[in-house]
Amino acid sequence: MFKLYRNIEARFVTKEDTRKALLQHGLVRFQPSNADRIGFPQEIHHKGTVAILQIENITLHKGAKIIVCDDGVYSGIKIMEIKIDSQAVSTASNGEIGVKFNRSILNTSELWVARR
């Protein structure tokens, strides 16, 4: 619950979504509010600042806020660059892409993109 409190204070999870999650049966999992799940990186490079991602029907753009979940603790990072087939692009919606972040992530980090 301490991790949840910190995630609420940092505005990654809303109190309303927390209440809804607590009313569910089974394992309670608190997901970031107003965010779409990207998943886990396929590969990590350059000391964790570059990740290879497989995305489907999720639009990522340069400057987008990404929520990183490491063992229930959320933090925010920013997309600095996106590449498809070694070509820099401003947005991507499907397929395998390379993404450079403003700080490093782990291979086990679950990624979410914040909705605008």
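Above: the structure in question.
Residues numbered from 1 in each chain as written. Predicted model: local features only at pLDDT ≥ 70, side-chain atom pairs only at ≥ 80, totals over all residues. Heavy atoms only, no water.

Put simply, side chains in a regular strand alternate between the two faces of the sheet. Sheet analysis places strand E5 (residues 65-70) next to strand E6 (residues 73-84), joined by six bridges and oriented antiparallel. From the neighbouring strand, Cys69 faces E6, where its bridge partner is Tyr74. Count of turn residues in the E5/E6 antiparallel hairpin: two residues, of which Asp71 carries a positive phi of about 55 degrees. Here four bridges tie E6 to strand E9 (residues 95-101), and the two strands are oriented antiparallel to one another. Pairing of Ile79 across the sheet is with Phe101, part of E9. Connecting E6 to the antiparallel partner strand E7 (residues 87-89) that follows it, the hairpin turn spans two residues, and Asp85 within it adopts a positive phi of roughly 50 degrees. (Pairing = 2+ DSSP bridges. Helix = DSSP H or I, 4+ residues; strand = E, 2+ residues; numbered from the N terminus.)

Grouped together as the largest cluster of nonpolar side chains are 19 residues, with contacts concentrated most on Leu53, Leu60, Ile66 and Phe101. Of all the secondary-structure elements, those providing two or more residues to this core are strand E3 (50-55), E5, E6, E9 and strand E10 (110-114). When near neighbours in sequence (up to four residues on either side) are disregarded, Ile66 contacts Ile38, Leu60, Ser75, Gly76, Ile77, Ile79, Phe101, Leu111, Trp112 and Val113. One finds Leu4, Ile8, Ala35 and Ile67 within the second-largest nonpolar core, a separate group that totals nine residues. (Core = buried A, V, L, I, M, F, W, Y, C linked by side-chain atoms within 4.5 Å. Buried < 20%, exposed > 50% of the residue type's maximum accessible area, 1.4 Å probe, protein only. Contact = heavy atoms within 4.5 Å.)

With that out of the way, let us pick up the environment of Asp70. Mapped onto the fold, Asp70 is located in strand E5. Looking at Asp70, the relative accessible area reads 24%, which means it is partly exposed. Spatially, the C-alpha atoms of Asp70 and His25 are 24 Å apart, while their sequence positions differ by 45 residues. Asp70 has contacts with Leu106, Thr108 and Ser109, leaving out every residue within four places of it along the chain. Only 2.6 Å separates the side chain of Asp70 from the side chain of Ser109, close enough to count as a polar contact. (Polar contact = N/O pair within 3.5 Å; in protein donor to acceptor, adjacent residues only side chain to side chain.)

A separate point is the pattern of salt bridges. The final tally for this structure, using the stated rule, is two salt bridges. Two residues, Arg115 and Asp36, come together in a salt bridge whose shortest N-O distance is 3.1 Å. Within this pair, whereas Arg115 is found in the segment after E10, its partner Asp36 is found in strand E1 (residues 35-39), the two being separated by 79 residues in sequence. Looking at Arg115, the relative accessible area reads 46%, which means it is partly exposed. (Salt bridge = Lys/Arg side-chain N within 4 Å of Asp/Glu carboxyl O.)

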